[in-house]
Amino acid sequence: MASPRSVALVTLGCARNEVDSEELAGRLAADGWAVVNEPGDAAAILVNTCGFIAAAKKDSIDAVLEASVLGDARVVAVGCLAERYGADLARALPEATVLGFDDYPRIGERLRDIVEGRPHTPHIPRDRRWLLPLAPADPVPDRVPDGAPDATADAATPPYTHVPRRRLTSAVAAPLKLASGCDRRCAFCAIPSFRGSFVSRHPERVLGEARWLAAQGVRELVLVSENSTSYGKDLGDLRLLERLLPELVAVPGIARVRVTYLQPAELHPSLVDVIAGTGGVAPYFDLSFQHASAPVLRRMRRFGDRHRFLELLERVRDADPLAGARSNVIVGFPGEIRGDVTELVRFLEAARLDAVGVFAYSDEDGTEAATLPGKVRRDTVRRRVDRIGGLVEELTAQRAEERLGTTVDVLVEALHPDGRAEGRAAHQAPEVDGTTSVHGGGVRVGDLVRARVVATEGVDLVADAVEILDRAATPAAASPLSSPLAVPLAGAG
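Cut-offs used in this document
- Residues numbered from 1 in each chain as written.
- Predicted model: local features only at pLDDT ≥ 70, side-chain atom pairs only at ≥ 80, totals over all residues.
- Heavy atoms only, no water.
- Pairing = 2+ DSSP bridges.
- Helix = DSSP H or I, 4+ residues; strand = E, 2+ residues; numbered from the N terminus.
- 1 Å grid on protein atoms, 1.4 Å probe; cavity = no way out; pocket = protein on both sides within 12 Å on 5 of 7 lines; lining within 4 Å.
- Points joined across faces, edges and corners; volume = space filled by probe spheres on them.
- Salt bridge = Lys/Arg side-chain N within 4 Å of Asp/Glu carboxyl O.
- Buried < 20%, exposed > 50% of the residue type's maximum accessible area, 1.4 Å probe, protein only.
- Axes fitted to C-alpha atoms, helices over the stretch in contact; angles between N-to-C directions.
- Core = buried A, V, L, I, M, F, W, Y, C linked by side-chain atoms within 4.5 Å.
- Contact = heavy atoms within 4.5 Å.
- Parallel < 35°, antiparallel > 145°, perpendicular 65-115°, else oblique.
- Nonpolar A, V, L, I, M, F, W, Y, C, P; charged D, E, K, R; others polar.

**Notes on the pairing of strand E14 (residues 407-415)**
Then, in step 1: As paired strands, E14 and strand E17 (residues 448-457) are joined by five bridges and run antiparallel to one another. Looking across to E17, one finds that Asp409 is bridged to Arg450.
Then, in step 2: Of the pairings in the sheet, the one linking E14 to strand E15 (residues 420-424) comprises four bridges and is antiparallel in character. Each bridged residue has a counterpart across the sheet, and for Leu411 the counterpart in E15 is Arg424.

Now the structure itself:
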């Protein structure tokens, strides 16, 4: 029988949700809850939902329903879907109790009430853009880190941060949140309404958490937010990220820092130079283009067109010819015609992107796009998605082939019994991009290995090890929640 103070977390959606889950786990552990791996061993199951698009909503609801049949555990829905729909979701999904973001600071108390059968009144959603102060909501911490983490660095939660965090995996790459919310008003996106306005974290908090993550064995920091190019604007410094990146690279134990979620309209040339030219920062540009046709982009309330986007990519490759670039595109936006799709095809053929996510447009509650005329027939949208998806698969495979004969720096994430090491090169982000298989013994999980590309398999690379650039320290004892990423090879250390 599960302990009445045990909880398991199930996370859906993006890397920002991963951080939220680890912060929830940290709060719960600090309040005396046992955070367990297996939902079947828990008295409560927290499902951290995603509410971005229709497919993500369905996945989240399916996860809640699956959790509800595992046994006697109380199922609790948190995250974006829960915040976005609140009481409406609770009525539609009686299998779960629905908690909003305002419940997070007292999550242990809320969970106790639920497990013990006390009633909970779900929140009525509000537009969170009006709930945050205009001044920074995350001021300078009372205790500023002045060196390596103190003796608490190997504890369950990081020092120097206002929110506890407990790692839920032993992965050598970990997301690190730069900011929350978004000030942009893209016509298709509801995120600002339930995530709120853009608020940067103070750099000392970011650095303190980076040091703690390094002490937990993390080798790559993946900087996440709704819009990383806005970092620092509410702190009065639009160049703050450019100064923060070298400090993060200098954190002992960190082999690589990666920036994600860059807005093309806000990507300053100086930031391009810092990302492409700072040792230890992955020359990786996660650019949110969404389309390439100017009329479609204007209806989306976004900047740019095919020519400007290609100019931006040219600037990136002038700074580093082998820099990685990825993006997402939305197909079937209201008013999209054949000529717009042709313009998108022209852009993709010229852009030489390493990875592209292709999404079918869907109306989202409360967005401007849901009210626009000119809706594209669903069968037409499906055909266009299939066409663009097939093109992207071909083009990204060609881009991978362009890397044949080059050297790549691979962070090793797994070792396989057949002698292969598997990891990611600088142009490959966790979860969303390809991987690189490295042949050559003597490496271990967490090593940064230089390797020469000898073959490709779609977007994935096959490479021969040349040298170990940065050897991982002997890992600390794994936490009860951590599971090995791989089986070590004999002699690999």
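**Some points on empty space enclosed by the protein**
Then, in step 1: Applying the stated rule across the entire model yields four cavities of 30 Å³ or more.
Then, in step 2: In this structure, the largest cavity occupies an estimated 80 Å³ of space.
Then, in step 3: Looking at the largest cavity, the residues that line it are Asp354, Ala355, Thr396, Arg399, Ala400, Arg403, His427, Gln428, Asp433, Gly434, Val459 and Leu461.
Then, in step 4: If you tally residues by element for the lining of the largest cavity, the top one is helix H12 (residues 378-401), at three residues.

**With respect to the pattern of salt bridges**
Then, in step 1: Applying the stated criterion to the full structure yields 44 salt bridges.
Then, in step 2: The salt bridge partner of Glu83 is Arg128, with a shortest N-O separation of 3.1 Å. Of this pair, Glu83 sits in helix H3 (residues 80-92) while Arg128 is found in the loop between helix H4 (107-115) and strand E6 (173-177), placing the two residues 45 residues apart along the sequence. Across the pair, Arg128 and Glu83 agree in class, each one buried.
Then, in step 3: Notably, a salt bridge pairs Glu209 with Arg165, separated by 2.6 Å at the nearest N-O pair. Taken as a pair, Glu209 in helix H6 (residues 203-215) and Arg165 in the loop between H4 and E6 lie far apart in primary sequence, 44 residues in all. Each member of the pair Glu209 and Arg165 is classed as buried.
Then, in step 4: Put simply, Glu220, Arg256, Arg258, Glu413 and Arg424 are held in one network by salt bridges that share partners.

**A closer look at the sheet that holds strand E13 (residues 355-360)**
Then, in step 1: Pairing in this open sheet of three strands is parallel, and the strands run E11-E12-E13 from one edge to the other. The two strands at the open ends of the sheet, each matched to only one other strand, are strand E11 (284-286) and E13. Each adjacent strand pair in this sheet contributes to an overall mean axis angle of 10°, direction not counted.
Then, in step 2: Relative to strand E12 (residues 324-331), E11 runs parallel, the two being bridged by three bridges.

**Considerations on the nonpolar core**
Then, in step 1: One finds Leu245, Leu248, Phe285 and Leu348 to be the most contacted residues of the largest nonpolar core, which totals 71 residues.
Then, in step 2: Not counting residues up to four positions away in its chain, the partners in contact with Phe285 are Leu262, Leu267, Val272, Ile275, Ala276, Val316, Ala323, Gly324, Ala325 and Arg326.
Then, in step 3: Counting residues in each nonpolar core, the second largest holds 21 residues, with Leu9, Ile114, Ala190 and Phe194 among its members.

**A few points about the packing of helix H7 (residues 240-249) against helix H8 (residues 269-277)**
Then, in step 1: Here H7 crosses H8 at 10°, and the two axes come no closer than 9 Å. As far as their axial angle goes, H8 and H7 are roughly parallel. Contacts between H7 and H8 involve Leu241, Glu242 and Leu245 from the former and Ser270, Leu271, Val274 and Ile275 from the latter.
Then, in step 2: Looking at the contact of H7 with H8 residue by residue, the class counts come to five nonpolar, one polar and one charged.

**Side note on the sheet that holds strand E18 (residues 460-470)**
Then, in step 1: Strand order in this closed barrel of five strands is E14-E15-E16-E18-E17, and the pairing throughout is mixed. Within the sheet, the average angular offset between the axes of one strand and its neighbour, ignoring direction, is 50°.
Then, in step 2: Sheet analysis places E17 next to E18, joined by nine bridges and oriented antiparallel. From the neighbouring strand, Arg452 faces E18, where its bridge partner is Asp464.

**Quick notes on the environment of Leu312**
Then, in step 1: Along the chain, the position of Leu312 falls in helix H10 (residues 306-319).
Then, in step 2: The class of Leu312 is buried, set by a relative accessible area of 5%.
Then, in step 3: With near-sequence residues (within four places) excluded, Leu312 lies in contact with Pro264, Leu267, Leu287 and Phe289.

**Let's talk about unusual backbone geometry**
Then, in step 1: With a phi close to 55°, Arg352 is a non-glycine residue in the positive phi region.
Then, in step 2: Note on placement: Arg352 falls in the loop between helix H11 (338-351) and E13.
Then, in step 3: One non-glycine residue, Glu431, adopts positive backbone phi at about 75°.
Then, in step 4: Note on placement: Glu431 falls in the loop between E15 and strand E16 (436-439).
Then, in step 5: What makes Glu431 exposed here is its relative accessible area of 72%.

**With respect to the pairing of E15**
Then, in step 1: The turn linking E14 back onto E15 is made up of four residues, and Gly419 within it adopts a positive phi angle of 100°.
Then, in step 2: Examined bridge by bridge, E15 and E16 share four bridges and lie antiparallel to one another. For Glu422, the partnering residue across the bridge sits in E16 and is Ser437.

**Quick notes on the environment of Arg129**
Then, in step 1: Within the fold, Arg129 resides in the loop between H4 and E6.
Then, in step 2: You can call Arg129 partly exposed: its relative accessible area is 25%.
Then, in step 3: Considering only alpha carbons, one finds Arg129 and Phe194, 65 residues apart in sequence, at a separation of 7.6 Å.
Then, in step 4: Those residues in contact with Arg129 that lie beyond four places of it in its chain are Arg185, Pro192, Ser193, Gly196 and Ser197.

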